[in-house]
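In case you want the letters, here they are:
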Amino acid sequence: MTSVRCLLAVLALSGCASPKPMPSLTGNALQRSSAALGSGSALDFTVRRYPGGEPFSLASERGNVVLLDVWATWCEPCRDSLPMYQDLAKHYAARGLKAYALNVDEDTRGIAAFLKETKVDPAVIPVLLDAGANVADSVLHLKGMPTSLLIDRRGQVRFVHEGFNEDDLARSQQEIETLLQEEVPRDR
């Protein structure tokens, strides 16, 4: 039991564990999610924007390619991924890429400090609030963070990446290029 407590303490200190129990985000949900989300139906959900709380519906982005990064303030790899996704958002904005950062913290008080420390500008990569990971769990069926989704112009999830490794950035960039080259749907 002592070794388990030591492991949890090391994980907490390294930023890889939540200060409180993490929402379920467990099981084989990512595999189910990838299959279900790629089934031809458009993904949609409504959450609140940070900091004002205005509603945001993913359906409002039909016609654009969307990079959706699911993150939390306690997630250490998120400190690396969000600034890089912000760079992608800047680079591809004129071609139709929209990037959003879906935060799953129950307590949003740490978001401002996190954004300041990581130099993430909410004007470039808007923050969306999913308190308690309700969308991440029930709609996206994610099992870990960070997880990024690339959504095509019709609203269909085409690529899901769990975790973050700088070496995978080139793959994500190629996937974004592929999606941006696809035609804008006429029925949007």
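It should be noted that the structure appears before, not after, this text.
Since the model is a prediction, treat every value here as computed from it, not as a measurement.

Caption draft 1: Representation of the sheet that holds strand β2 (residues 55-57) within the structure. Overall, mixed pairing links the 7 strands, which are arranged β2-β1-β5-β4-β3-β6-β7 in an open sheet. The sheet is open, and its two borders are formed by β2 and β7 (157-162), each paired with just one other strand. Geometrically, the sheet is characterised by an average inter-axis angle of 30 degrees between neighbouring strands, direction not taken into account. Here 2 bridges tie strand β1 (residues 46-49) to strand β5 (residues 127-129), and the two strands are oriented antiparallel to one another. The partner of Arg 49 across the bridge, within β5, is Leu 128. Contacts from helix α3 (residues 78-92) reach β3 (65-71), β4 (97-103) and β6 (147-151) within the one sheet, and its direction differs from that of β3 by about 165 degrees.

Caption draft 2: Representation of the pattern of salt bridges within the structure. Under the criterion given, the structure shown has 8 salt bridges. Glu 117 is the partner of Arg 79 in a salt bridge, and the nearest nitrogen-oxygen pair spans 2.9 Å. Placement of the pair is Arg 79 in helix α3 and Glu 117 in helix α4 (residues 111-118), with a sequence separation of 38 residues. The partly exposed category is assigned to Arg 79, whose relative accessible area is 25%. Residue Glu 117 is classed as exposed on the basis of its relative accessible area, which comes to 54%. Overlapping salt bridges, with partners in common, bring together Glu 76, Arg 79 and Glu 117 in one network.

Caption draft 3: Main features of the nonpolar core. In this structure, Leu 68, Val 70, Trp 71, Leu 102, Leu 140, Leu 149 and Ile 151 are the most contacted members of the largest nonpolar core, which totals 50 residues. Counting only elements with at least two residues in this core, the list comes to β3, α3, β4, α4, β5, α5 (134-138), β6 and α6 (169-181). Ranked by residues supplied to this core, first place goes to α3 with 7 residues. Here Ile 151 is in contact with Leu 43, Leu 58, Asn 64, Val 65, Val 66, Leu 68, Gln 156, Val 157 and Leu 179, once residues within four sequence places are set aside.

Caption draft 4: Inspection of the packing of aromatic side chains at higher detail. Taken as a whole, this structure holds 3 aromatic pairs when the rule is applied. With a centroid separation of 4.7 Å and an interplanar angle of 40 degrees, the aromatic rings of Phe 56 and Tyr 100 are classed as tilted. With Phe 56 in strand β2 and Tyr 100 in strand β4, the pair connects residues that are 44 residues apart, well separated along the chain. Tyr 100 carries the same exposure label as Phe 56, and that label is buried.

Rules used in this analysis
- Residues numbered from 1 in each chain as written.
- Predicted model: local features only at pLDDT ≥ 70, side-chain atom pairs only at ≥ 80, totals over all residues.
- Heavy atoms only, no water.
- Pairing = 2+ DSSP bridges.
- Helix = DSSP H or I, 4+ residues; strand = E, 2+ residues; numbered from the N terminus.
- Axes fitted to C-alpha atoms, helices over the stretch in contact; angles between N-to-C directions.
- Contact = heavy atoms within 4.5 Å.
- Salt bridge = Lys/Arg side-chain N within 4 Å of Asp/Glu carboxyl O.
- Buried < 20%, exposed > 50% of the residue type's maximum accessible area, 1.4 Å probe, protein only.
- Core = buried A, V, L, I, M, F, W, Y, C linked by side-chain atoms within 4.5 Å.
- Phe/Tyr/Trp six-rings, centres within 6.5 Å; stacked < 30°, edge-to-face > 60°.

Keep in mind these numbers describe shape, not what the thing actually does.
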